[in-house]
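# Fold and contact review
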Amino acid sequence: MKVQVCIIGGGPSGLLLSQLLHRQGIETVVLEKHTRDHVLGRIRAGVLEHGFAALMREAGCGERMDREGERHHGFLIAHAGGRMDRVDLHRYSGGNSVLVYGQTELTRDLYDGRETSGAATMFEAEGVALHDITSPRPWVSYRSRGEPCRVDCDYIVGADGFHGMSRHSIPRDVLREYERVYPFGWLGVLSRTPPVSPELIYVRHERGFALCSLRSQVLSRYYVQVPLSDRAAAWSDEAFWAELRRRLPAEVAARLITGPSIEKSIAPLRSFVAEPMRHGRLFLAGDAAHIVPPTGAKGLNSAGADIHYLYHAMRAHYRHNDDTGLEAYSQKALTRVWQAQRFSWWMTAMLHRFPDNGSYDDRLQQAELSYLFSSESALASLAENYVGLPY
Ligand code: APR
Ligand code: PHB
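Residues numbered from 1 in each chain as written. Chains lettered and ligands numbered in written order. Predicted model: local features only at pLDDT ≥ 70, side-chain atom pairs only at ≥ 80, totals over all residues. Heavy atoms only, no water.

Another point: the site of ligand 1. Residues in close proximity to ligand 1 total 24 residues, the closest being Ser-13, Glu-32, Arg-44, Gln-103 and Asp-287. A distance of 2.8 Å separates an oxygen atom of ligand 1 from a polar side-chain atom of Gln-103. With respect to ligand 1, the backbone of Leu-300 contributes an N or O atom lying 3.0 Å from an oxygen atom. For the shell around ligand 1, the secondary structure elements donating two or more residues are helix H1 (12–22) and helix H9 (299–320). Residue classes in the shell around ligand 1 are distributed as eight nonpolar, ten polar and six charged. (Near = heavy atom within 4 Å. Polar contact = N/O pair within 3.5 Å; in protein donor to acceptor, adjacent residues only side chain to side chain. Helix = DSSP H or I, 4+ residues; strand = E, 2+ residues; numbered from the N terminus. Nonpolar A, V, L, I, M, F, W, Y, C, P; charged D, E, K, R; others polar.)

On to the sheet that holds strand E10 (residues 139–144). In space, the three strands of this open sheet follow the order E9-E10-E11, with antiparallel pairing throughout. Looking at the sheet topology across the chains shown, the edges are occupied by strand E9 (125–131) and strand E11 (147–152). Strand after strand, the sheet turns through a mean of 20° between neighbouring axes, direction not considered. Direction of pairing for E9 relative to E10: antiparallel, over a ladder of five bridges. Note that in E10 the partner of Ala-125 across the bridge is Ser-144. (Pairing = 2+ DSSP bridges. Axes fitted to C-alpha atoms, helices over the stretch in contact; angles between N-to-C directions.)

Inspection of the region around ligand 2 gives 14 residues, with Tyr-202, Ser-213, Arg-215, Tyr-223 and Pro-294 positioned closest. Arg-215 places a side-chain nitrogen or oxygen 2.7 Å from an oxygen atom of ligand 2. Tyr-223 is positioned such that a nitrogen or oxygen atom in its side chain is 2.5 Å from an oxygen atom of ligand 2. Taken by itself ligand 2 offers 280 Å² of open surface, and the protein chains cover 99% of this. Residue assignment for the shell around ligand 2 shows that the elements contributing at least two residues are strand E15 (210–216) and strand E16 (219–226). If you tally residues by element for the shell around ligand 2, the top one is E15, at three residues. Each residue belonging to the shell around ligand 2 can be placed in one class, and the counts come to nine nonpolar, three polar and two charged. Both domains that meet at the shell around ligand 2, namely domain 1 (5–71 + 99–179 + 270–350) and domain 2 (182–269 + 356–387), each give it at least three residues. (Areas by Shrake-Rupley, 256 points an atom, 1.4 Å probe, with all protein chains shown as cover. Domains from an automatic or database assignment.)

Within the secondary structure, Ser-13 is located in helix H1. Residue Ser-13 is classed as buried on the basis of its relative accessible area of 11%. Excluding anything up to four places from it in sequence, Ser-13 contacts Ala-159, Ala-285, Gly-286, Ala-303 and Ile-307. (Buried < 20%, exposed > 50% of the residue type's maximum accessible area, 1.4 Å probe, protein only. Contact = heavy atoms within 4.5 Å.)

Taken together, the buried positions of helix H3 (residues 50–58) are Gly-51, Phe-52, Ala-53, Leu-55 and Met-56. Where H3 is buried, its residues contact H1, strand E3 (47–48), helix H4 (63–68), strand E7 (98–100), helix H6 (103–117) and H9. Two residues or fewer after H3 comes Gly-60, characterised by a positive phi angle close to 80°.

Along the chain, Asn-301 turns up in helix H9. Separated by 2.9 Å, the side chain of Asn-301 and the backbone oxygen of Val-47 make a polar contact. Residues within four places of Asn-301 in sequence aside, it is in contact with Val-47, Leu-48, Glu-49, Phe-52 and Arg-336.

A word on helix H12 (residues 376–387). Side chains that are three or four residues apart share a direction in an α-helix, a result of its 3.6 residues per turn. Here H12 contains twelve residues, and its C-alpha end-to-end distance of 16 Å stays within 8% of the 16 Å for a straight helix at 1.5 Å per residue. Taken together, the buried positions of H12 are Ala-378, Leu-379, Leu-382, Ala-383, Asn-385, Tyr-386 and Val-387. Two to three positions downstream of the cap, the backbone nitrogen of Ser-377 sits 3.3 Å from a side-chain oxygen, assigning the N-cap of H12 to Ser-375. At the exit of H12 stands Gly-388, carrying a positive phi of roughly 115°. (Expected span 1.5 Å × (residues − 1).)

Below is the structure:
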């Protein structure tokens, strides 16, 4: 097979880029290791920056998102003995907001979009390997049902997530990795119950962080911080609800409606960046190049910024023979990636209980929160990052 751009990975990054390029008449193929059902079985965060939502519309896949997604103009932070303060995103970010719409639904919309437009996806592509990435004629090999296959292309995009192989095709003496692993995880529960609050509540509590989120008015998503040694299976639904209640302010806990969990899992928290994001004709995008802890909901949104830069760079290349965007991609993407890293680290550090922290660190967290809610500038800084820095 011969295409202009071969995309490795059928997660939101790869699908969104493919759909955007397809609409510009640029030929792509997506090679996905798993089945569509497997990809759609993953539950992930669901807060979209306005820039990400605009990309979904440009890809022709934003209709259901605009219909079913909820626009949020603020969120709450519970701290200091049950006190709750609101971050007014609208007011402090110059009229912006975020869209609450689950990543699973968004990925489904992207798959439906490509089926309608006839864009090619190879599912269950095994043993994907990249070849000649620093030559003008790179190519990709893989196996489909045991049969060897080959894709010749102009460019390869590695959008195969944190555990993918694309990043490892960059020579060891070129690739630099920066990482911080946090000493706790998030135990998440999805339940078919009405959300406890119309807006998200981030909770700092002496027993550990908690988050009340939602997918719709009948589907809730809750999290509690747990030690990495915990196993999700060892947490009964009752134990989860009891722990969440303990961490919520009393009036919120009193109106929490519980029910059986539909999904329950523990996600470790990690900050990670790989540099550079381009080597020869290979471009990395999304989780393949960077990971954030979920506290600021920046994972998917950071991936969206990469796709924005890459889409415009490739369009300029194919339309106008202009390679400045491709040349600048790694540096431009990384500048924004590090801003998302900083913000996610800051939100995480402010709201979690760190096992090694003493009373001094505890006081610092309290001071950070009391400063935040006493300063218009601090609130504006939080709000502009939460709704998304400009591309
Ligand atoms: N060959 C082909 N596909 C692969 C390979 C491989 N060797 N390895 C992984 N993949 C596929 C995975 O099965 C997955 O579907 O690549 C896809 C990567 O998708 P994601 O992990 O969702 O990464 P990305 O598309 O960058 O999405 C970023 O998803 O992980 C969240 O927090 C993250 O919200 C952010 C968003
Ligand atoms: C979620 O709804 O899963 C979610 C929302 C906000 C976050 C993280 C996760 O910061």
